[in-house]
Amino acid sequence: MAEDEVVDPIRPEFPTGRVKKIMKLDNDINKVNSEALFLISCSTNLFLQFLAERSAEVAAEKKKKIVKFDHLRTAVKRHRPTSDFLLDSLPIPAEPTQSDARSVTDPDRSLPVSGKPAPAGTRRIDHFFRKTENEAPIQINDA
């Protein structure tokens with residue numbers, strides 16, 4: 001009965017030609033064996049599945065429905081063998097800008113325009129018309 005069963009061959013999910021080109025980018029590799037190509041392709045697929053699952057777990061912990069780059073970075077940091085080689089290759093996350101950091105429920109949003117701080121490098125129009133404390137009043141001579 002075991003001889004009659006037809007087993008589908010395992011096919012790697014990544015294009016073997018591209019994987020071979022990537023492998024040959026290393027100067028030490030001249031020829032790529034088909035078995036090595038198959039193993040590299042399958043192990044890459046398993047590794048990416050692992051990263052995706054761990055990133056999804058981090059996103060679920062933070063009660064998010066979409067996996068973002070920060071979730072991937074956190075997943076890599078938590079897994080020691082992965083962080084040893086991959087963390088240096090990941091780009092450093094950008095600092096959140098003032099508009100990104102401000103939420104809709106921010107109390108500053110309810111302030112009138114004159115009460116809100118001006119963006120960096122700008123001044124409000126009422127600044128031009130306001131007298132400073134040490135400024136003397138202007139006197140007009142009617143002669």
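Quick look at the structure, then. Note that this is a predicted model, so its numbers are computed, not measured. (Residues numbered from 1 in each chain as written. Predicted model: local features only at pLDDT ≥ 70, side-chain atom pairs only at ≥ 80, totals over all residues. Heavy atoms only, no water.)

**Digging into the pattern of salt bridges**
Line of reasoning, step 1. One pass over the structure, following the stated rule, counts two salt bridges.
Line of reasoning, step 2. R80 is the partner of D84 in a salt bridge, and the nearest nitrogen-oxygen pair spans 3.5 Å. With D84 and R80 both in helix 4 (residues 80-86), this residue pair falls four residues apart, about one helical turn. (Salt bridge = Lys/Arg side-chain N within 4 Å of Asp/Glu carboxyl O. Helix = DSSP H or I, 4+ residues; strand = E, 2+ residues; numbered from the N terminus.)

**As for the packing of aromatic side chains**
Line of reasoning, step 1. In this structure the tally under the stated criterion is one aromatic pair.
Line of reasoning, step 2. Each ring, one from F47 and one from F85, has its centre 5.9 Å from the other, and the planes form 40 degrees; the classification is tilted. With F47 in helix 2 (residues 34-61) and F85 in helix 4, this residue pair connects regions lying 38 residues apart in the sequence. (Phe/Tyr/Trp six-rings, centres within 6.5 Å; stacked < 30°, edge-to-face > 60°.)

**Notes on helix 3 (residues 69-78)**
Line of reasoning, step 1. Looking only at helix 3, the buried set comprises H71, R73, A75 and V76.
Line of reasoning, step 2. Tucked into the core, helix 3 has its buried residues touching helix 2 and helix 4. (Buried < 20%, exposed > 50% of the residue type's maximum accessible area, 1.4 Å probe, protein only. Contact = heavy atoms within 4.5 Å.)

**Observations regarding the side chain of S83**
Line of reasoning, step 1. Relative to the helices and strands, S83 is located in helix 4.
Line of reasoning, step 2. A polar atom in the side chain of S83 sits 3.0 Å from the backbone oxygen of R80. (Polar contact = N/O pair within 3.5 Å; in protein donor to acceptor, adjacent residues only side chain to side chain.)

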